[in-house]
Amino acid sequence: MMKSNEQVQVSLRSSFWNRFREVVCQEGIPYQWKALNDELPTASPSHCMQNFRIAGGKAAGKFYGCVFQDSDAAKWLEGVAYSLTWRPDETLERLADQAIDDIVSAQRPDGYLNTYYILNGMENRWTNLMDNHELYCAGHMLEAAVAYYQATGKRKLLDAMIRYVDCIDSAIGPEEGKRHGYPGHPEIELALMRLYQLTQDPKHLKLAKYFVDQRGQAPLYFDEECRAMNRRCHWLDGPVGYQYYQAGKPVREQEDAEGHAVRAMYLYSGMADVALATGDESLSEACKRLWNSAVHRRMYITGGIGSTEYGEAFSFDYDLPNDTCYCETCASIALVFLARRMFRLDPRSEYVDVMERALYNGIISGMQLDGKRFFYTNPLEVLPQACAQDPHKRHIKPERQEWFDCACCPPNLIRLLTSLQDYLYAVQGETLYVQLYAGGRLEAQLPGGKLCFTCQTEYPWKENVCFVCDGTEPVQGDMALRIPAWCSGYTLSVNGIPVEEKPRMGYVHLRRVWKAGDKVELTLAMPVTLYQAHSAVREDQGKLAVMRGPVVYCLEEKDNGSALHRLRLGGITGQDFRAVWTDELEGVIALESPGLRELTEACGEEALYAPVSEASEKAVSLRWIPYYAWGNRGTGEMCVWVRR
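Residues numbered from 1 in each chain as written. Predicted model: local features only at pLDDT ≥ 70, side-chain atom pairs only at ≥ 80, totals over all residues. Heavy atoms only, no water.

S.K.: Can you walk me through the overall build of the protein in this structure?
M.R.: Within the protein, the regular secondary structure consists of 17 helices and 21 strands. Across its three principal directions, the C-alpha atoms of the protein cover 75 × 70 × 50 Å. Relative to its 644 residues, the protein shows a buried fraction of 59%. Accessible area for the protein stands at about 24900 Å²; split by element, carbon and sulfur atoms hold 48% of it. Considering the protein, the positive charge centre built from 69 side chains and the negative charge centre built from 85 side chains are found 2 Å apart. (Helix = DSSP H or I, 4+ residues; strand = E, 2+ residues; numbered from the N terminus. Buried < 20%, exposed > 50% of the residue type's maximum accessible area, 1.4 Å probe, protein only. Areas by Shrake-Rupley, 256 points an atom, 1.4 Å probe, with all protein chains shown as cover. Lys, Arg positive; Asp, Glu negative; His and termini not counted. Charge placed at Lys NZ, Arg CZ, Asp CG, Glu CD.)

This is the structure:
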């Protein structure tokens, strides 16, 4: 018996987000389909879909690409599924059906479905769970299958993936005769929980829980696997060890967010799902502990995570370099996945505050405004010459790329942006939580009936949010409005009467019998605010960052000239900034402020070092743009943190 737990239906009509979503649908999805089929002559080849056709006997050839190449098609397909729920497209649906036919044609009689091993030797499957991403690919394809079934009602891929899950379950698990392993790259854990939420089949929950509980247990499975393959784990020679795989210790014993940032976030998301489904308090506490480590001591102001290229990983508390950070787009996306699940465990606004920070900054920065070029890493400071000539910054790109040999980020962006409507609201008991502010209409099923609202707002550029109840029948319920952490002042009224209720866990609760015509008006003050970093963040001492509402701003060479490191703010406050609408960059609020530029004559043009002299500066006007929009007007310098 299958069922859906969706309690909120949303029609998103946000001028901000719908522009991104339309670009994704009109440009991004077709562009990425071409990439997956090697139809972009100047981009890195993918061969992804061809691998499935070869494995299914529809074409001749050999496997090409990374061991996880299958996952690119899965994420693309999942994004297509979400887009079809709010933007029906018969041509696109037929294309997706064709892709599913090619994928399912590769499935073996026992349910196995992974082109790398089908084409390179089935006798070696399950022998390298640590590095070869079998279960990771299975997880992504499983997520795609669930999403496509929910969007279209078509079961072909879903049934195929349920057979694959049975195949995995027959080979891996705690029982005698099975491999007692788990994935080197977590993903299948949260995918199995999505399947369980759909099917309510206890074996799907059992397998997800096994993968969570078994990870890091002694004797360590990856040690045994390495001995069987007569090899040594590469990461044991560095500081991360098996924590690169999130397997250095059992999950309930982990104290800090360590290792590969994407793997960490996917694992924590699966842990949170299992904790919620089973009521496991120790697992829930581990999730909260790891969240606090990642967000309060190891996250960038943009919502980026992963401060070092080595292992694409977390390093140590407050180590947040701006020009060498990794901040993979996928990591911020996975952080949003975790934030959503953490709220289900513990309905506090801090999780949604982080979700919002990542969405408006470190995630959409990963895609060019035309939807056709992408960042893998998202630095907070860029000097193009250093990117080209400093080997330690070779991973930092001053301009977005057409595609990647490891192309995990572009389709991940698609699946998040096309499913964004699912992140705006949440229902728990009799409470409708308003998480993210965006124009549109919602229908929320509460115990007392269906609660319907239309939301009007130009958020994040404008401060005002208005909800009008347009349901046909009175409904008793609790509407909880999030007051963002960045907001220092707000006003709230219902039908023109001011609300004096104070926020609880970040939400103002409005409990009443809602009738058609009821109007909720919220104003979130959006002055420009200057931020300083914790005193332990060495790279940002003596510097400030600029935000307006949820949006982080930056300076670009295009507006402010080169040598951005010579600029400073000179004691100004947020009141000295002017917000200006511009149609540039597809329409944004830009900021203007006074500043100072150090002149080269201060230390002499020729001398590498010189005695200290009185600073020689000139007053300049600084122009700030949203961080997410940088790099869309040519190559140049960029910085978020600016000297005081």
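S.K.: What is the right way to read the packing of helix α13 (residues 329–345) against helix α14 (residues 349–363) from this model?
M.R.: Helix-helix packing is described using two parameters, namely the angle between the two axes and the distance between the axes. Following both chains from N to C, one finds α13 and α14 inclined at 160°, their axes separated by 8 Å at the closest point. Here α13 is positioned roughly antiparallel relative to α14, judged by the angle of their axes. For α13 against α14, the interelement crossing comes out left-handed. Counted together, Thr329, Ser332, Ile333, Leu335, Val336, Ala339, Arg340, Met342 and Phe343 of α13 and Tyr351, Val352, Val354, Met355, Ala358, Leu359, Gly362 and Ile363 of α14 form the full contact between these two elements. Considered class by class, the residues forming the contact of α13 with α14 number 13 nonpolar, three polar and one charged. (Axes fitted to C-alpha atoms, helices over the stretch in contact; angles between N-to-C directions. Parallel < 35°, antiparallel > 145°, perpendicular 65-115°, else oblique. Left-handed = near helix turned anticlockwise from the far one by under 90°. Contact = heavy atoms within 4.5 Å. Nonpolar A, V, L, I, M, F, W, Y, C, P; charged D, E, K, R; others polar.)

S.K.: What should I look at first to understand the side chain of His260 in this one?
M.R.: Among the structural elements, His260 can be located in the loop between α10 (221–229) and α11 (261–278). Those residues in contact with His260 that lie beyond four places of it in its chain are His185, Gln243, Tyr244, Gln246, Gly311, Glu312 and Ala313.

S.K.: I keep staring at the sheet that holds strand β5 (residues 440–446) and nothing clicks. Help me out?
M.R.: Through backbone hydrogen bonds, the strands of a sheet pair up, either in parallel or in antiparallel fashion. Here seven strands make up an open sheet; going across it, the order is β1-β5-β6-β7-β12-β9-β10 and the pairing antiparallel. The sheet is open, and its two edges are formed by β1 (8–12) and β10 (497–498), each paired on a single side. As paired elements, β1 and β5 share five bridges and run antiparallel to each other. The partner of Gln9 across the bridge, within β5, is Glu443. (Pairing = 2+ DSSP bridges.)

S.K.: In this structure, what is going on with the packing of aromatic side chains? I would like to understand it.
M.R.: How two aromatic rings sit relative to each other is given by the distance of their centres and the angle of their planes. One pass over the structure, following the stated rule, counts 40 aromatic pairs. Here the aromatic rings of Phe16 and Phe20 are separated by 5.4 Å at their centres, their planes lie at 50°, and the arrangement is tilted. Linking Phe16 with Phe20, this pair stays in helix α1 (residues 15–36), spanning four residues, or about one helical turn. Summarising the burial analysis for this pair, Phe16 and Phe20 share the class buried. (Phe/Tyr/Trp six-rings, centres within 6.5 Å; stacked < 30°, edge-to-face > 60°.)

S.K.: Is there a simple way to think about the pattern of salt bridges in this case?
M.R.: Oppositely charged side chains can pair when the atoms bearing their charge come close. Per the counting criterion, the structure on display carries 48 salt bridges. Residue Arg87 is joined to Glu22 by a salt bridge in which the shortest nitrogen-to-oxygen separation is 3.1 Å. Of the two residues, Arg87 is situated in the loop between α3 (70–86) and α4 (90–105) and Glu22 in helix α1; the sequence distance between them amounts to 65 residues. A salt bridge links Arg297 to Asp256, with the shortest nitrogen-to-oxygen separation between them at 3.1 Å. With Arg297 in helix α12 (residues 281–297) and Asp256 in the loop between α10 and α11, this pair connects stretches of sequence that are 41 residues apart. Each of Glu556, Asp559, Glu584, Arg623 and Arg633 takes part in salt bridges that share partners, so that together they form one network. (Salt bridge = Lys/Arg side-chain N within 4 Å of Asp/Glu carboxyl O.)

S.K.: What exactly am I supposed to notice about unusual backbone geometry here?
M.R.: For the peptide bond that leads from Ala218 to Pro219, omega is -5°, which places it in the cis range. On the secondary structure map, Pro219 appears in the loop between α9 (202–214) and α10. A cis amide bond links Tyr459 with the next residue in sequence, Pro460, at an omega value of 10°. Residue position: Pro460 is located in the loop between β6 (449–457) and β7 (464–469). Its identity as a non-glycine residue notwithstanding, Gln246 has a phi of 65°, on the positive side. By the element assignment, Gln246 lies in the loop between α10 and α11. At Tyr318, a position not held by glycine, the phi torsion is positive, near 65°. By the element assignment, Tyr318 lies in the loop between α12 and α13.

S.K.: Explain the nonpolar core to me, please; I cannot follow it from the model alone.
M.R.: Side chains of a nonpolar character, in soluble globular proteins, are inclined to be buried together. Ranked by internal contacts, the top residues of the largest apolar core, which has 232 residues, are Trp17 and Phe467. Non-local contacts of Phe467, meaning those with residues more than four positions away in its chain, are made with Tyr425, Val434, Tyr437, Leu442, Phe453, Thr454, Cys455, Met479, Leu481, Asp518, Lys519 and Val520. (Core = buried A, V, L, I, M, F, W, Y, C linked by side-chain atoms within 4.5 Å.)

S.K.: Is there a simple way to explain the environment of Gly448 in this structure?
M.R.: Tracing the backbone shows Gly448 in the loop between β5 and β6. Spatially, the C-alpha atom of Gly448 lies 5.7 Å from that of Val475, the residues being 27 residues apart in sequence. In this view, Gly448 contacts Val475 and Gln476; residues no more than four positions away in its chain are not counted.

S.K.: What's the story with the sheet that holds strand β4 (residues 431–434) in this structure? I'm lost.
M.R.: Read across the open sheet, the four strands follow the order β3-β4-β8-β11; overall the sheet is mixed. The sheet is open, and its two edges are formed by β3 (425–428) and β11 (507–514), each paired on a single side. Here the average twist between neighbouring strands, direction ignored, is 25°. In terms of strand pairing, β4 meets strand β8 (residues 475–482) through four bridges, oriented parallel. The residue of β8 that forms the bridge with Tyr433 is Ala480.

S.K.: Got a minute to help me understand the state of the cysteines in this structure?
M.R.: In protein chemistry, a disulfide is the covalent bond that joins the sulfur atoms of two cysteines. Throughout the structure, instances matching the rule amount to zero disulfides. Considering cysteine sulfurs only, Cys554 is the nearest to Cys639, which forms no disulfide, with 7.6 Å between them. (Disulfide = S-S within 2.5 Å.)

S.K.: What am I meant to see in the environment of Phe314 here?
M.R.: For Phe314, the position within the fold is in the loop between α12 and α13. Along the chain, Phe314 and Met299 lie 15 residues apart, while their C-alpha atoms are 9.1 Å from each other.

S.K.: Looking at this structure, I do not really get α14. What am I missing?
M.R.: One turn of the α-helix equals 3.6 residues, which is why residues spaced by three or four share an orientation. Helix length check: α14 (15 residues) gives 20 Å between terminal C-alpha atoms against 21 Å at 1.5 Å per residue, within 8%. Within α14, 13 of the 15 residues are buried, which leaves it mostly tucked inside the rest of the structure. (Expected span 1.5 Å × (residues − 1).)

S.K.: Would you mind showing me how to read the side chain of Arg19 here?
M.R.: Mapped onto the elements, Arg19 comes out in helix α1. At 4.0 Å, Glu586 is the nearest oppositely charged side chain to Arg19, a buried residue that forms no salt bridge. Not counting the four nearest positions on each side in its chain, Arg19 is found in contact with Ser14, Leu369 and Glu586.

S.K.: Would you explain the environment of Tyr351 in this entry?
M.R.: With respect to the helices, strands and loops of the structure, Tyr351 is situated in helix α14. Distance in space between the C-alpha atoms of Tyr351 and Leu338 is 8.6 Å, their sequence separation being 13 residues. When sequence neighbours within four positions are dropped, the list of residues in contact with Tyr351 reads Lys288, Trp291, Ala339, Met342, Phe343 and Asp346.

S.K.: Sorry, what's going on with the pairing of β7 here?
M.R.: Remember that side chains alternate between the two faces of the sheet whenever the strand is regular. Strand direction decides the pairing type here: β6 and β7, joined by five bridges, are antiparallel. Within β7, the residue paired with Thr457 across the bridge is Val465. Count of turn residues in the β6/β7 antiparallel hairpin: six residues. As paired strands, β7 and strand β12 (residues 519–524) are joined by five bridges and run antiparallel to one another.

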